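Residues per chain are reported as follows:
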Amino acid sequence: MAAKRFASLLFGNSMRAVAVSAQRNARKFYSAGALLAATGGAMMGTAMIVAKDPIGLDDEEMKINIEEFMCQPITDMNTLEKSEEMMHKMELLCMQLQGQLCQELERIEGTTKFRVDRWLKCEQIQGGGVTCIMEDGAVFERAGVNISVVGGKLRSEAVRAMNSQGRELPEDEEMEFRAVGISSVIHPRNPMVPTKHFNFRYFEVIPELSERQWWFGGGADLTPYYLDEKDVKHFHCSYKAACDLHGPSYYRRFKKWCDDYFFIKHRCMGRGVGGIFFDDFKSKNIDACFNFVKSCSKAVIPSYIPIVNKHKNDGYGLREREWQLTRRGHYTEFNLLYDRGTKFGFSTPGARHESILMSLPPRAAWHYCHNPEPSSKEGQLVEVLRNPKDWASV
């Protein structure tokens with residue numbers, strides 16, 4: 001299916017009526033509560049990034065079809081439709097992206113559907129979220145798409161952690177925070193299909209005695225088990241096109257940031273073949289930043305679904321499956337040892353650990369001193385993981 005069609009799925013002029021709307025309304029919502037790890041990642045700042053002025057957008061692009069949502073939003077829909085607050089704009093973006101991606105994955109999967117878990121506030125955290133999880137499918141061994149819309153008091157240790165990353169928040173006064181974000185990890189069954197991760201988030205703090213501070217963060221990255229250079233080039237070019245709409249240097253900077261961030265230090269290799277990563281994204285014009293995030297969100301489906309369709313029926317054997325499980329072990333190591341969002345999630349009172357750990361693969365393996373032959377297909381992948389390429393120029 002052409003990439004152009006997938007791009008048009010997000011905020012297109014004509015919103016398709018979803019045939020499964022009755023099924024969505026009939027879904028059982030499972031009550032739970034707490035902060036998703038994706039939102040925790042939004043709190044860990046680094047150097048500020050300044051966005052360009054916004055590119056003009058057609059009003060039609062912001063029309064929302066609630067029938068594409070997986071369930072009711074956390075915020076009242078009447079409020080969302082009328083509000084100009086960035087929290088509400090971002091929640092709508094997240095709800096629509098979640099719905100369209102989940103429905104696309106269900107279409108590929110066939111019979112296996114997402115479990116929809118709409119959770120509401122707990123004692124420590126205000127707000128709620130929507131966790132969509134698919135497990136043990138024919139194509140996707142695990143796929144999760146999470147949204148969180150939360151707020152509350154920012155703890156002093158969280159403020160100190162954020163300031164240690166370069167932020168300048170007052171540590172001697174109470175602050176309210178609000179955050180909204182979407183995070184997804186897709187673990188396919190076939191080793192020839194890569195794993196994909198993405199997240200987009202908005203975070204704001206409101207000190208008692210100083211001005212509100214806000215920023216965006218996010219990114220997307222690809223983790224193949226066997227290297228198909230055309231696939232990696234397609235993935236990177238999809239996000240480069242989104243970045244180029246807003247700044248000629250964005251892709252180069254965010255690609256380098258992604259390579260540096262998703263690096264498994266103790267193995268001296270990348271978690272995958274990268275993509276883009278950004279944090280502390282802000283400017284004097286908040287809409288400029290939102291438009292950039294929106295452009296990146298439009299690349300989620302067309303950057304990945306064609307790769308899934310290309311390889312989902314490829315043949316493989318025990319050797320390929322074992323290598324996939326080994327690489328999933330490396331993926332798990334990064335998430336538990338280095339990922340800031342995971343660390344923050346576990347340190348947050350009342351955090352929902354099931355949602356935090358949902359990003360991990362359902363099965364993984366560790367083999368003692370396992371080093372593939374450099375000339376093998378597995379060894380060729382390791383070489384790329386240790387020496388990142390400029391994939392958009394390959």
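In this text the structure is predicted, and so the values were computed from the model without any measurement.

This part is about the overall build of the protein chain. Within the protein chain one finds 14 helices and ten strands. Going through the 394 residues of the protein chain one by one, you find that 60% of them count as buried.

Here the focus is the pairing of strand E7 (residues 213–223). With eleven of its eleven residues buried, E7 lies for the most part within the structure. Here E7 shows a buried face lined by Gln213, Trp215, Gly217, Gly219, Asp221 and Thr223 and a second buried face lined by Trp214, Phe216, Gly218, Ala220 and Leu222. Strand direction decides the pairing type here: strand E6 (residues 195–207) and E7, joined by eleven bridges, are antiparallel. Of the residues in E7, the one forming a bridge with Asn199 is Gly219.

Turning our eyes to something else, we now look at the side chain of Asp279. As for its position among the elements, Asp279 is in strand E10 (residues 274–282). Polar contacts involving the side chain of Asp279 include one to the side chain of Arg340, which spans 3.3 Å.

Moving on, we get to the confidence of the model for the protein chain. When pLDDT is averaged across the protein chain, the result is 83; 76% of the residues are at 70 or more. Of the regions scoring below 50 in pLDDT, residues 1–48 engages in 131 contacts with residues more than four places distant in sequence or in other chains. Counting interchain partners and residues more than four positions distant, the pLDDT-below-50 stretch residues 53–60 has 13 contacts.

Here the focus is the pattern of salt bridges. All told, the structure shown has 22 salt bridges when counted by the stated rule. Measuring nitrogen to oxygen at the nearest pair gives 2.6 Å for the salt bridge that ties Glu204 to Arg178. Taken as a pair, Glu204 in strand E6 and Arg178 in strand E5 (residues 175–188) lie far apart in primary sequence, 26 residues in all. The class for Glu204 is buried, based on a relative accessible area of 2%. Of the charged contacts, one joins Asp279 and Arg201 as a salt bridge, the two residues approaching to 3.7 Å between their closest N and O atoms. Here Asp279 is found in strand E10, whereas its partner Arg201 is found in strand E6, with 78 residues between them in sequence. One connected set of salt bridges, linked through shared partners, spans Asp136, Glu141, Arg321, Arg328 and Arg363.

Judged by nonpolar contacts, the single largest core of 82 residues is most densely connected at Met90, Phe140, Phe200, Tyr202, Phe216, Phe254 and Phe278. No other element matches helix H5 (residues 86–109), which puts twelve residues into this core. Among the nonpolar cores identified, the runner-up in size contains eleven residues, and Met175, Phe177, Ala179 and Phe203 belong to it.

Orientation of helix H11 (residues 318–337) relative to helix H14 (residues 377–386), taken along the N-to-C sense of each, is 25°, at an axis distance of 12 Å. Relative to H14, the element H11 lies roughly parallel. Read as a crossing pair, H11 and H14 show a hand that is right-handed. Here Arg319, Trp323 and Arg327 of H11 come into contact with H14, specifically with Glu378, Leu381, Val382 and Leu385. Taken together, the residues of the contact of H11 with H14 break down into four nonpolar, no polar and three charged.

What follows concerns a nonpolar patch on the surface. Together, Leu336, Leu337, Phe346 and Leu357 make up an exposed nonpolar region whose accessible area comes to about 340 Å². Topologically, Leu357 is positioned in helix H13 (residues 353–357).

So, about the packing of aromatic side chains. For the structure shown, the criterion picks out 22 aromatic pairs. Geometrically, the ring pair formed by Tyr250 and Phe292 is edge-to-face, given 5.2 Å between the ring centres and 85° between the ring planes. Separated by 42 residues along the polypeptide, Tyr250 in helix H8 (residues 250–261) and Phe292 in helix H9 (residues 286–298) bring together distant segments of the chain. The burial state of Tyr250 is the same as that of Phe292; both residues are buried. The rings of Trp257, Tyr261, Phe262, Phe277, Phe334 and Tyr338 are connected pair by pair, giving a single aromatic cluster. A cation over a ring is seen here: Arg271 above Tyr331, with NZ or CZ 4.1 Å from the ring centre. The aromatic ring of Trp214 is capped on one face by Lys282, whose charged end is 5.6 Å from the ring centroid.

If you check the backbone angles, Asp136 has positive phi at about 60° while not being a glycine. Assignment of secondary structure puts Asp136 in the loop between strand E3 (126–135) and strand E4 (140–153). With phi around 50°, Cys369 is a residue other than glycine that occupies positive phi space. Following the sequence through the fold, Cys369 ends up in the loop between H13 and H14.

Parameters at a glance
- Residues numbered from 1 in each chain as written.
- Predicted model: local features only at pLDDT ≥ 70, side-chain atom pairs only at ≥ 80, totals over all residues.
- Heavy atoms only, no water.
- Helix = DSSP H or I, 4+ residues; strand = E, 2+ residues; numbered from the N terminus.
- Buried < 20%, exposed > 50% of the residue type's maximum accessible area, 1.4 Å probe, protein only.
- Pairing = 2+ DSSP bridges.
- Polar contact = N/O pair within 3.5 Å; in protein donor to acceptor, adjacent residues only side chain to side chain.
- pLDDT = per-residue confidence, 0-100.
- Contact = heavy atoms within 4.5 Å.
- Salt bridge = Lys/Arg side-chain N within 4 Å of Asp/Glu carboxyl O.
- Core = buried A, V, L, I, M, F, W, Y, C linked by side-chain atoms within 4.5 Å.
- Axes fitted to C-alpha atoms, helices over the stretch in contact; angles between N-to-C directions.
- Parallel < 35°, antiparallel > 145°, perpendicular 65-115°, else oblique.
- Left-handed = near helix turned anticlockwise from the far one by under 90°.
- Nonpolar A, V, L, I, M, F, W, Y, C, P; charged D, E, K, R; others polar.
- Patch = residues over 30% accessible without salt bridge, like charges linked within 9 Å, V, L, I, M, F, W, Y side chains within 5 Å.
- Areas by Shrake-Rupley, 256 points an atom, 1.4 Å probe, with all protein chains shown as cover.
- Phe/Tyr/Trp six-rings, centres within 6.5 Å; stacked < 30°, edge-to-face > 60°.
- Lys NZ or Arg CZ within 6 Å of the ring centre and 35° of its normal.

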